[in-house]
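Residues per chain, in single letters:
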Amino acid sequence: MSGIPLANVLPLEGGAVCSGIALTVTAQCLYRYGVAFNILNDVSRQKLVNLICFIGSIGAMLFYGLNQTKVNVMATNVTIFVAFLCGQYGQVIINHNSIIRLASANATAAKNNIQQIQKYCLLLYILPFFTMFPILLAYSDTMESGKPLTTSYYNLVISKYLFMGIVVITELFATYTDIKLLKRVEDTVMGGKHAEQKESRRQDIKYTYRTIWFFMIIDFGLKVLISLGYPVLFDAITTLIVISLRTQSNLSYGLLMKEIVYGSSSQTTKSEFVSMKELA
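Since this is a predicted model, take the numbers as computed values, not measurements.

Colleague: Help me out: how do you make sense of the pattern of salt bridges in this one?
Modeller: Opposite charge on two side chains permits pairing when their charged atoms draw close. On inspection of all chains with the given rule, the structure shows 6 salt bridges. Asp178 serves as the salt-bridge partner of Arg101, at 2.6 Å between the closest nitrogen and oxygen. Residue Arg101 is found in helix H3 (residues 73–104), and its partner Asp178 is found in helix H7 (residues 153–187); the two are separated by 77 residues along the sequence. A salt bridge links Lys223 to Asp235, with the shortest nitrogen-to-oxygen separation between them at 3.2 Å. In this pair, Lys223 sits in helix H8 (residues 195–227) while Asp235 sits in helix H9 (residues 235–253), placing the two residues 12 residues apart along the sequence. For the pair shown, Lys223 and Asp235 are each scored as buried. Salt bridges sharing partners connect three or more residues here, namely Arg101, Glu171, Asp178 and Arg246.

If you want it as structure tokens, here you go:
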């Protein structure tokens, strides 16, 4: 009896494991923090991207099975389109967060300037209309043949490398802002009331970001293997894992971690999530 080809098994096995991780992280955040849709508010924006990752993870999980069984091409196309679209908007919000972090790193930045930058960041949300255009071309290209859009030239050559480039640039930019923010956290002197608890929280943050960077390296590695022709076609869900872990961190510690840096909730703004309020 012949076995199942490795090219069929790898996406199923890897996709199942990674989908489970992404769904677990996002479902926990949905249960704990709920849903919001105000992208100009730092806290609400994290809740929105968590919902986006949750939907994208479901789409990716369904796609891996449908793509191997070929039971329904339309369902295959819809699920992968949802996963790609969620991934693109997830990248947009990560870039939005990174820009706000970078702007806020300037201690002299006025609150009005940050609010103005928030509005300029709205332009980022137009980008997926352009980056998803090759996927729409792929759908029309494969409509008559009855094949999944992933087999189209527009996906294999244009979208694949376009999405890879966006992910790499976005994650490197986000990592740069991570390091700058963690440097401020590291330089902060933990004193006053509940100093031990705050120091413990700071250590938790460091471990959290090491986990994020670990999955980011896995995501980059998968993208390199895919570009070399290896059948590890589950990089879309690893990208969603990285986004969801960043979102979980932002919801747990605050996008700017002001409670850790300043050690006092009086320094926070309305848009900053104060996860350590009980320790202040």
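Colleague: Looking at this structure, I do not really get the environment of Ile241. What am I missing?
Modeller: Within the fold, Ile241 resides in helix H9. With 221 residues separating them along the chain, Ile241 and Gly20 place their C-alpha atoms 9.7 Å apart. Every residue in contact with Ile241, bar those within four places of it in the chain, is listed here: Cys18, Ile21, Ala22 and Phe215.

What counts, and at which threshold
Residues numbered from 1 in each chain as written. Predicted model: local features only at pLDDT ≥ 70, side-chain atom pairs only at ≥ 80, totals over all residues. Heavy atoms only, no water. Salt bridge = Lys/Arg side-chain N within 4 Å of Asp/Glu carboxyl O. Helix = DSSP H or I, 4+ residues; strand = E, 2+ residues; numbered from the N terminus. Buried < 20%, exposed > 50% of the residue type's maximum accessible area, 1.4 Å probe, protein only. Contact = heavy atoms within 4.5 Å.

These figures capture arrangement, not role.
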